[in-house]
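Commentary on secondary and tertiary structure
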Amino acid sequence: PIPSKFTAGDKISWELASGVNSSDESVTSTDYTCKYYIRSLNGGALTVTGTSYGLGWEFVISASDSATFDKGIWKYQSIASKAGLVKGKISSFSS
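Because the structure is a prediction, the values reported are computed rather than measured. (Residues numbered from 1 in each chain as written. Predicted model: local features only at pLDDT ≥ 70, side-chain atom pairs only at ≥ 80, totals over all residues. Heavy atoms only, no water.)

One pass over the structure, following the stated rule, counts six aromatic pairs. On the numbers, 5.4 Å between centres and 45° between planes, the contact of Tyr-36 with Tyr-76 is tilted. Of the two residues, Tyr-36 sits in strand β4 (residues 33-40) while Tyr-76 sits in strand β8 (residues 74-81), which places them 40 residues apart along the sequence. For the residue pair Tyr-36 and Tyr-76, the accessibility class agrees, reading buried in each case. (Phe/Tyr/Trp six-rings, centres within 6.5 Å; stacked < 30°, edge-to-face > 60°. Helix = DSSP H or I, 4+ residues; strand = E, 2+ residues; numbered from the N terminus. Buried < 20%, exposed > 50% of the residue type's maximum accessible area, 1.4 Å probe, protein only.)

Right, here's the structure in full:
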């Protein structure tokens, strides 16, 4: 999962395994695109698109992108989508 703490200016990477949706259908990087929508309570925002990593995805936030992050609490939501289908939430976090 996405790291819970990191320092602005660091390269941040994580993996997300494939899974199944509410219809019990496989959700893999073969057929789906997965994005993390990351938002700050202070108004900052970043969208990170995963790349294929086995059947799941790998996500990377570059050091230059994370350098722009404000200190504080951030929330995220990961969404997998398949062309022509409704998007499905994979995970989310807020504190």
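Our focus in this paragraph is the environment of Asn-42. Among the structural elements, Asn-42 can be located in the loop between β4 and β5 (45-49). Exposure remark for Asn-42: the relative accessible area of 53% places this residue in the exposed category. Separated by 30 residues in the primary sequence, Asn-42 and Gly-72 have C-alpha atoms spaced 7.8 Å apart. Each residue touching Asn-42, except ones within four places of it in the same chain, is listed here: Asp-70 and Lys-71. Of note is the side chain of Asn-42, whose polar atom sits 3.3 Å from the backbone oxygen of Lys-71. (Contact = heavy atoms within 4.5 Å. Polar contact = N/O pair within 3.5 Å; in protein donor to acceptor, adjacent residues only side chain to side chain.)

Relative to the helices and strands, Thr-28 is located in the loop between β3 (26-27) and β4. Owing to a relative accessible area of 12%, Thr-28 belongs among the buried residues under this scheme.

The sheet built from three strands is open, its strands ordered β1-β7-β6 with antiparallel pairing. Bordering the open sheet on either side are β1 (12-16) and β6 (51-53), each of which pairs with just one other strand. Here the strands of the sheet are splayed against their neighbours by 30° on average, with no regard to which way each runs. Sheet topology note: the β6/strand β7 (residues 56-61) ladder contains three bridges and is antiparallel. Across the sheet, the residue bridging to Tyr-53 is Gly-56, located in β7. (Pairing = 2+ DSSP bridges. Axes fitted to C-alpha atoms, helices over the stretch in contact; angles between N-to-C directions.)

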